[in-house]
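Here's the letter readout for the chains.
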Amino acid sequence: MNKYKFTLTILLAFLVFSCAKKEINQPDPLVTNRDTTINPADDFFMYANGGWFKKNPIPNSENSNGIFRTINDTVNAQIKQICEKSAEVSNPVLGSNEQKIGDFYASGMDTLAIEKKGIAPLKPYFDKINSVTDTKTLVNTIGYLHTIGCAPAFSFYIGQDDKNSEKNALMLSQGGLGLGSRDYYFNTDKETENIRKEYVKHIQAIFELTGTDKSTAQKDASLVMKLETELAKNSRKLEALRDPQKNYNKFSIAQFKTQTPDIDWNSVMTSLLVKNPDSVIVGQPEFYVALNKMIKSYSVEDWKVYLKWDLINTYASYMNNAIEKQNFYFFGTVMGGVKEQKPRWKRIVEQTNGSLGELIGQVYVKEYLPKGSKEKLLEIGNNIRDVYAEHIKKLDWMSDATKKKALHKLSKIVMKVGYPDKWKDMSAVSIKRNAYCENVIATNKWAYNDMINKFGKPVDRTEWGMYPQTYNAYYSPSNNEICVPGCNIIVPGFEGRMPDDAVLYGIIGGSTFGHEITHGFDDQGSQYDEKGNLNNWWTEEDLKKFKEKTKLIVEQFNEYEALPGKFVNGDATQGENIADLGGVVMGYEAFKKTKQYKENEKIAGLTPDQRFFLAYGYAWMVNIKTESLAQQLLVDVHSPAKYRINGPLANIPEFYKTFNVKQGNKMYRAKEKQITIW
Ligand SMILES: [Zn+2]
């Protein structure tokens, strides 16, 4: 791993994509990652990746290991260089990007200053909470805490109106849960029961570490759990959040007040820094009706305890060692199964990137992103879009009328690739060298203000929701756009050389571009039109057929038992599973057009077909700790990595042919059960 990191850092800077010379002396990861003792027709995920897993156990400081961690290690090493170089500059210009990055990183590494301050950076906010005397000051304080990066009692954000994507609207949705997902408060398996028990102990420990006496801390911890459980009881389940129509409830502020008479929304909006709102889009109105009752049924003193918990829970990672350790113990070890913390530099690099990613991205693009990345990514993306159009035209289950609309939507998908043309202005943020927690708060406030400033202004369709150094991608239904950051060009094991087309189309073409484009046509995305508005463009008949198909995907994934007694949630993960299936189909179709495929030339002993499917398997090479897998099943709309490979491939006839999948093999699904959608 280290060797890899080192090589990549040096080589990437010189990598120009026109030099596609194959270097036979480098081992081929598609060959070496395999575990050939496993039959690919039974478990392709382990066949494609098991060899790598054996050689690379999950480190004690990580919850998983695989392609994501490998790429993130590479990028983190580069960001570390950016941070350290910036921190070493003597007398940087105050307010310059260099000063901000350098001082932020240095403040995080300055454990002496952090230790000395303890919880002092949070004192003004504790004072604010302590000054609450009645319901009115309570709800205003809840609003205020949102502006500094906390999110007590509910979720609030400014986003595009789903029914009018030209407009930025106020959005309210369920929230306020320290454990993140409602199921943690109610599931009765023994692991989840243990998490609840440990959570109460954790809250007590944190309160004690902030100076509360033991018996009060104990009482307060039970109270927080009780209050959060009531919020959870009134929250929708993960799968119920998927329906954009049911989670879109627009009210005038006056109407909303009649449903929630004990919350003065005008006053709350003022504390949220929103000026003159006339309406609000509420995701789950019943949650707010319940919250309204809770504002009265819990005393002001009870609420103050909950708010203090939310505050310290938000900022525990930036406190003195004892609080930080306790926080890691619960969220890292108990919930995620991670035994030890990552080295400090890595944590601070990740935080600096999280807080100042907009500034770091500018250096990353200039100094680390291989030249030609953007162009190569775009070329792959455009080829995928082309085969997508061909596929839609050939679909046997869709009418010409709907096809026309689908093709129109496809042609309008905006591709944001590589890096943005303009960067956000962070000049309003001031960063100090010896004030880590204050720096994090300052950047959180900046991010909040950046969001609030959108209200009442036209939607900026050029804005990016990810940094170029983020190894991830997204589809935004409201913008009908995909975003594929530059670092998606990295394929570990191909340092300094261009991967062959099977690899490019298996990973970047299939699991990235194909996957994201398909989100425009999954159970949610398909409800939005080419302009990003919730607006049905399907004929009734076609919609019925589409729903029958997505139901089959739900049923297929419901059958996967990821842990003993714990199954994949087919409903909650259906959008991602539809996207995975569409992705691998389109990646393969685009690959079929390449010279490599047509000439049927073997590379490293593998046929083009073998290489393509192995590359697709490589895209989700992720080995995860049991605790983190259990967590993923409860909170994540993505299926576990294993099923992101075995699930879609079990529907692909070409895969059956390539790896000789027959009745009796574990991957086998009868012909009539094999699902094709796009
Ligand atoms: Zn996705």
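The structure displayed is predicted, hence computed values, not measured ones.

Remarks on the pairing of strand E5 (residues 279-282)
Inference 1: By the alternation rule, side chains of E5 split into Ser 279 and Ile 281 and Val 280 and Val 282, which are all buried.
Inference 2: Bridge count between strand E3 (residues 164-173) and E5: two bridges; the pairing is parallel. Residue pairing across strands places Leu 172 opposite Val 282, the latter belonging to E5.
Inference 3: With four bridges joining them, strand E4 (residues 249-252) and E5 adopt antiparallel strand pairing. Among the inter-strand pairings, Phe 251 is bridged to a residue of E5, identified as Val 280.

A few points about the environment of Gln 78
Inference 1: As for its placement among the helices and strands, Gln 78 is situated in helix H4 (residues 67-88).
Inference 2: Residue Gln 78 is classed as buried on the basis of its relative accessible area of 0%.
Inference 3: Distance from Gln 78 to Met 46, taken between C-alpha atoms, is 31 Å for residues 32 residues apart in sequence.

Comments concerning the coordination of the zinc ion
Ideal coordination angles are 109.5 degrees for a metal with four donors arranged tetrahedrally and 90 or 180 degrees for a metal with six donors arranged octahedrally.
Inference 1: At 2.0 to 2.1 Å from the zinc ion lie its protein donor atoms, namely His 515 (NE2), His 519 (NE2) and Glu 576 (OE).
Inference 2: Coordination of the zinc ion draws on donor residues from a single chain, spaced H-x3-H-x56-E in sequence. With His 515 and His 519 both in helix H20 (residues 501-519) and four residues apart, this pair spans about one turn of that helix. Taken individually, His 515 and His 519 each receive the classification buried, so the pair is uniform in this respect.

Some details on the sheet that holds E3
Strand pairing within a sheet occurs via backbone hydrogen bonds; the two strands may be parallel or antiparallel.
Inference 1: Spatial strand order, E2-E3-E5-E4: four strands in an open sheet with mixed pairing. Taken across any chain shown, the strands that pair with only one partner, and hence form the sheet edges, are strand E2 (155-161) and E4. Direction aside, neighbouring strands of the sheet carry axes that sit 35° apart on average.
Inference 2: Packed on one face of the sheet, helix H13 (residues 285-297) meets E2, E3, E4 and E5 and runs near 35° to E3.

Some points on unusual backbone geometry
Inference 1: One non-glycine residue, Ala 153, lies in positive phi territory at about 70°.
Inference 2: Tracing the sequence through the fold places Ala 153 in the loop between helix H8 (135-147) and E2.
Inference 3: Even without glycine at this site, Asn 660 takes up a positive phi of about 55°.
Inference 4: By secondary structure assignment, the location of Asn 660 is in the segment after helix H27 (653-658).
Inference 5: Residue classification places Asn 660 among the partly exposed residues on the basis of a relative accessible area of 46%.

Some words on the domain arrangement of the protein chain
Inference 1: Each assigned domain of the protein chain is listed with its residue range as follows: domain 1 (120-318) and domain 2 (372-410 + 491-678).
Inference 2: Taking only C-alpha atoms into account, the centre of domain 1 sits 37 Å from that of domain 2.
Inference 3: Taken together, the contacts link 18 residues of domain 1 with 20 residues of domain 2.
Inference 4: Interface area, domain 1 with domain 2, both sides summed: about 1600 Å², of which 50% is carbon and sulfur.
Inference 5: A salt bridge links Lys 566 to Glu 191; the shortest N-O distance between them is 3.1 Å.
Inference 6: For the pair domain 1 and domain 2, the number of links is 11 residue pairs in polar contact (both at pLDDT 80 or more).
Inference 7: Split into classes, the residues belonging to the side of domain 1 that touches domain 2 amount to four nonpolar, five polar and nine charged.

So, the state of the cysteines
Think of a disulfide as a covalent bridge from one cysteine sulfur atom to another cysteine sulfur atom.
Inference 1: Under the definition given, this model contains zero disulfides.
Inference 2: Take Cys 83: it sits in no disulfide, and the sulfur closest to it among the cysteines is that of Cys 487, at 16 Å.
Inference 3: A relative accessible area of 0% places Cys 83 in the buried class.
Inference 4: Note on Cys 150: no disulfide assigned, nearest cysteine sulfur contributed by Cys 437 at a separation of 9.8 Å.
Inference 5: When its relative accessible area of 4% is taken as the criterion, Cys 150 is described as buried.

Describing the sheet that holds strand E7 (residues 474-476)
Inference 1: In spatial order, the strands read E6-E8-E7; together these three strands make up an open sheet with mixed pairing. Each edge of the open sheet is held by one strand with a lone partner, namely strand E6 (414-418) and E7. Across this sheet, the average inter-strand angle for adjacent strands is 15°, counted without regard to direction.
Inference 2: When E7 meets strand E8 (residues 481-485), the two strands line up antiparallel, connected through three bridges. Looking at the pairing, Tyr 475 lines up with Ile 482 of E8.
Inference 3: Across the sheet, helix H17 (residues 373-394) lies against E6 and E8, angled at about 150° from E6, the strand it touches most.
Inference 4: The strands that H20 touches are E6, E7 and E8; relative to E8, the one it contacts most, it runs at about 155°.

What counts, and where the lines are drawn
- Residues numbered from 1 in each chain as written.
- Predicted model: local features only at pLDDT ≥ 70, side-chain atom pairs only at ≥ 80, totals over all residues.
- Heavy atoms only, no water.
- Buried < 20%, exposed > 50% of the residue type's maximum accessible area, 1.4 Å probe, protein only.
- Helix = DSSP H or I, 4+ residues; strand = E, 2+ residues; numbered from the N terminus.
- Pairing = 2+ DSSP bridges.
- Donors = N, O, S within 2.8 Å, 3.2 Å for Na, K, Ca; no water.
- Axes fitted to C-alpha atoms, helices over the stretch in contact; angles between N-to-C directions.
- Contact = heavy atoms within 4.5 Å.
- Domains from an automatic or database assignment.
- Buried area = accessible area lost by both parts, 1.4 Å probe.
- Salt bridge = Lys/Arg side-chain N within 4 Å of Asp/Glu carboxyl O.
- Polar contact = N/O pair within 3.5 Å; in protein donor to acceptor, adjacent residues only side chain to side chain.
- Nonpolar A, V, L, I, M, F, W, Y, C, P; charged D, E, K, R; others polar.
- Disulfide = S-S within 2.5 Å.

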